[in-house]
Amino acid sequence: MLLSLLTMHVTFMQLGGPEKVSEITGRRGMLVRAASGKGVTYQARNTKDVTMEMVNMHEKQLFMDGKKLVAIISEAGSAGVSLQADRRATNQKRRVHLTLELPWSADRAIQQFGRTHRSNQASAPEYRLLFTNLGGERRFASIVAKRLASLGALTQGDRRAGPSLSAYNYDSAYGKRALVVMYKGIMEQDSLPVVPPGCSSEKLETIQDFIVKAKAALVSVGIVRDTVLANGKDSGKLSGRIVDSDMHDVGRFLNRILGLPPDIQNRLFELFISILDLLIQNARIEGNLDSGIVDIKANVIELQGTPKTVHEDQMSGASTVLFTFTLDRGVTWESASTMLDEKQKDGLSSANDGFYESRREWLGRRHFILAFESSASGMYKIVRPAVGESIREMTLSELKNKYRKLSSLEKARSGWEDEYEVSSKQCMHGPNCKLGDYCQTGRRIQEVNVLGGIILPVWGTIEKALSKQARQSHKRLRVVRIETTADNRRIVGLLVPNAAVESVLQELGWVQDIDD
Ligand SMILES: [Zn+2]
């Protein structure tokens, strides 16, 4: 915190001080060198004409009016402030947006970039990310850059936008868990799950040496407290404790290590990242990580009607477009039985492969599935008439617990075909589903809405519209990739839950086309 305040102040003065620079921050005043050159005096930011409450708005106006050509904003002062090259402002010069210190979450970084990138702008800003070579900053900047590139990808079609986005927010649940694991390892309460950077698993003394250095570093920045130097056989060994509130505070860790010498700073950061990567990788294997870009798959994907332009960036002429797709996820009886036949012909089939019926009735219906052993032996792939192959595989015991194998192909066929037919009209909960038409569970034919084209200028608006959604799963912004099956038209964009389409369009101020 101190470091960033200092950086800000030095930059502020070097650019010409209060005469030349609009300051939009949370600070109330500053120390200024006295005219005599001796000593410093405190100077409040406000004057008798402008109250402290209004000083940021006033400073913003001076910048937008072109009276000052440089603005410095801090996260604390910038809530709700827009500084884009607005067509209604006197100052329509192209903005160059420099970041001195990137926030630790990509979402917050994107929000900051949004300060200078809004609709109705005469030109789009140029972003410059400034960072040092130190582990923390460099790694993070590359992630933000990747994320920006992925948003760019939204405007230029697909460029395979790299790894998971949200997972790389260090201050996430995974980040907090990684921090605890690392601290416990350094405090020797638990072993570290990875070999620390610069150490070798064959030379345990290198790891021991790292732990001693890391512990001393954490002591020096005040994260490890109440240290005691042991006597006797553990002579020279430091022990201490990390208070509970620090144990989970990723922001504090990342800020505090910035004060350490580069070598140990980089090693601590690398260690934190490798533990985080490990946790994320494990979560992904277990299938409970919500990864960055989700592929929407179905046997048939068609574009419904003409995509609607819902927003236009006046400068570039690029537009935000709403695409509505119809998906058929179903598997016909013919394709299901062909799947099984081919498995058997290849000699790859196991004795448990085949059609099954659920042991229990669910809302008056039994459900039919095709199961066959996957490449991971002991696990079974499940194909359903309404929604196709499921992502989750089943163990043999779960399969046998919930389903009974059918020996009669005729019975399997009629059950399968019936379920295939019914699921085209209703969700799994039947005609009286409480969620009504929006419910997609088990529905074979689905409508999917995706916002494509230029996304960054409307990101905040969409975020706001989704935050008002009732269901938790509808509040999150999700980037999806979808491809039509007949003509391979590929769209990458933001998924808009069906229940939210109306409010998103409202927020975007979309008026129905006249010729509609
Ligand atoms: Zn339902």
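Since we're looking at a predicted model, the values are computed, not measured.

Conventions and cut-offs
- Residues numbered from 1 in each chain as written.
- Predicted model: local features only at pLDDT ≥ 70, side-chain atom pairs only at ≥ 80, totals over all residues.
- Helix = DSSP H or I, 4+ residues; strand = E, 2+ residues; numbered from the N terminus.
- Contact = placed C-beta atoms within 7 Å.
- Buried ≥ 20, exposed ≤ 12 C-beta atoms within 10 Å, placed from the backbone.
- Arc of directions from axis to C-beta.
- Expected span 1.5 Å × (residues − 1).
- Pairing = 2+ DSSP bridges.
- pLDDT = per-residue confidence, 0-100.

(A) Structural context of the overall build of the protein. Tallying secondary structure elements over the protein gives 15 helices and 21 strands in all. Summarising the internal contacts of the protein: among those between residues at least 6 apart in sequence, 64% fall at separations of at least 24.

(B) Highlighting helix α8 (residues 250-257). Three or more residues of α8 are buried, namely V250, F253, L254 and I257. For α8, the angular spread of buried residues about the axis comes to 90 degrees, placing them on one side.

(C) Main features of helix α10 (residues 333-345). Here α10 spans 18 Å end to end across 13 residues, near enough to the 18 Å set by a 1.5 Å rise per residue. The set of residues buried in α10 consists of W333, A336 and L340. Across the axial projection of α10, the buried residues extend over an arc of 75 degrees, all falling on one side. Exposed side of α10, more than 90 degrees from the buried face: E334, T338, D341, E342 and K345 are the residues found there. The inward-facing, buried residues of α10 contact β13 (354-358), β14 (368-373), β15 (379-384) and α12 (409-422).

(D) The arrangement of unusual backbone geometry in detail. Positive phi, close to 60 degrees, is recorded for E188, a residue that is not glycine. For E188, the position within the fold is in the loop between α5 (173-186) and α6 (204-220). Judged by C-beta crowding, with 13 C-beta atoms within 10 Å, E188 ranks as partly exposed. Despite not being glycine, L363 has its phi angle at roughly 50 degrees, a positive value. When you line up the elements, L363 lands in the loop between β13 and β14.

(E) Focus on the environment of H311. Considering the arrangement of structural elements, one finds H311 in strand β11 (residues 308-312). As for H311 and I454, which are separated by 143 residues in sequence, their C-alpha atoms are 8.8 Å apart. Ignoring sequence-local partners within four residues, the contact set of H311 consists of S119, S319, T320, V458 and L508.

(F) Spatial organisation of the pairing of strand β20 (residues 479-483). As paired strands, β20 and strand β21 (residues 490-496) are joined by five bridges and run antiparallel to one another. Following the sheet pairing, I482 is matched in β21 by I491. Linking β20 to β21, which pair antiparallel, is a turn of six residues; within it N488 sits at a positive phi near 50 degrees.

(G) Expanded view of the environment of E357. With respect to the helices, strands and loops of the structure, E357 is situated in strand β13. Using a count of 16 C-beta atoms within 10 Å as the deciding quantity, one classes E357 as partly exposed. A C-alpha to C-alpha distance of 6.7 Å links E357 and L406, two positions 49 residues apart in sequence. Ignoring any residue separated from it by four or fewer positions in sequence, one finds E357 in contact with R366, F368, Y403, R404, L406 and G415.

(H) Quick peek at the environment of R267. As for its position among the elements, R267 is in helix α9 (residues 262-285). On a C-alpha basis, the gap between R267 and P197 in space is 5.8 Å, while along the polypeptide they are 70 residues apart. When near neighbours in sequence (up to four residues on either side) are disregarded, R267 contacts P196, P197, G198 and F210.

(I) Structural detail: the confidence of the model for the protein. In this model, the protein carries a mean pLDDT of 81, and residues with pLDDT of at least 70 account for 84%. Contacts for the low-pLDDT stretch residues 152-168, under 50 throughout, to residues beyond four places or in other chains number 34 contacts. Segment residues 511-516 is flagged for pLDDT under 50; beyond a separation of four residues in sequence, or across chains, it makes zero contacts in the model.

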